[in-house]
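Working through the structure, step by step
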Amino acid sequence: MINFQRVSCINGTVPLSSYLMAAEELCSMCKFVEDGEERVVVGSLDLNKCLWLPDELTGMRPGVNEDSQTRAYLSNVCVAKELQNKGLGYALVDKSKKLAREWGITDLYVHVAIDNIAGQKLYKKSGFVYEGEEPAWRARFLGRPRRLLLWLDMNKEPL
């Protein structure tokens, strides 16, 4: 895609077991075998090194005259409902921060729906702060809930 320099999908997996649900009920795309063990993807996010994501608010950092190649966005963040509030989302975001640091990212962004309180709590716990929000007219035009833009200063993140 235009303006995308790198993209990585980070997945959280668990062993497939009877307590989770029957294997037949799971999407075949979410199941795989690793080292002889059946596993299932239960969480995922994308890390995008780019200037902006299509149809989203654009982060203001680094400034216009600075190296914008050090900006990245998290997108498509999801955790299976059965495993929410158990630390998986936090672990996925933490892993993305480590990878972003390897890529030389200084400014990490994420968009979150204004009514997604659990997502906002996750990002706040992960160190993100409010930068801006989508105007109501734009969200209506795109047929989605309004979104907040949150920012993380990777220079202040511990190594």
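To be clear, the structure that these remarks concern was listed above.
For the structure given in this document, a descriptive report is provided here. Just so it is clear, the model here is predicted, and its values are computed rather than measured.

1. Let's talk about the packing of aromatic side chains
The description of two aromatic rings rests on the distance between their centres and on the angle between their planes. Throughout the structure, instances matching the rule amount to two aromatic pairs. Between the aromatic rings of Y73 and Y109, the centroid separation amounts to 5.3 Å while the plane-to-plane angle is 25 degrees, which identifies the pairing as stacked. Note that Y73 is positioned in strand β4 (residues 71–79) and Y109 in strand β5 (residues 107–113), a separation of 36 residues in sequence. An identical accessibility class is assigned to Y73 and Y109; each is buried. Centroid distance Y123 to F128: 5.8 Å. Interplanar angle 75 degrees. Geometry classified as edge-to-face.

2. Side note on the environment of R144
Looking at the element boundaries, R144 is found in the loop between α3 (136–142) and β7 (147–153). Taking C-alpha positions, R144 is 8.7 Å from A113, a pair spaced 31 residues apart along the chain. Setting aside anything within four residues of it in sequence, one finds R144 in contact with D55, E56, E134 and A139. A polar side-chain atom of R144 sits 3.5 Å from a polar atom in the side chain of E56.

Here is what the cut-offs are and how they apply
- Residues numbered from 1 in each chain as written.
- Predicted model: local features only at pLDDT ≥ 70, side-chain atom pairs only at ≥ 80, totals over all residues.
- Heavy atoms only, no water.
- Phe/Tyr/Trp six-rings, centres within 6.5 Å; stacked < 30°, edge-to-face > 60°.
- Helix = DSSP H or I, 4+ residues; strand = E, 2+ residues; numbered from the N terminus.
- Buried < 20%, exposed > 50% of the residue type's maximum accessible area, 1.4 Å probe, protein only.
- Contact = heavy atoms within 4.5 Å.
- Polar contact = N/O pair within 3.5 Å; in protein donor to acceptor, adjacent residues only side chain to side chain.

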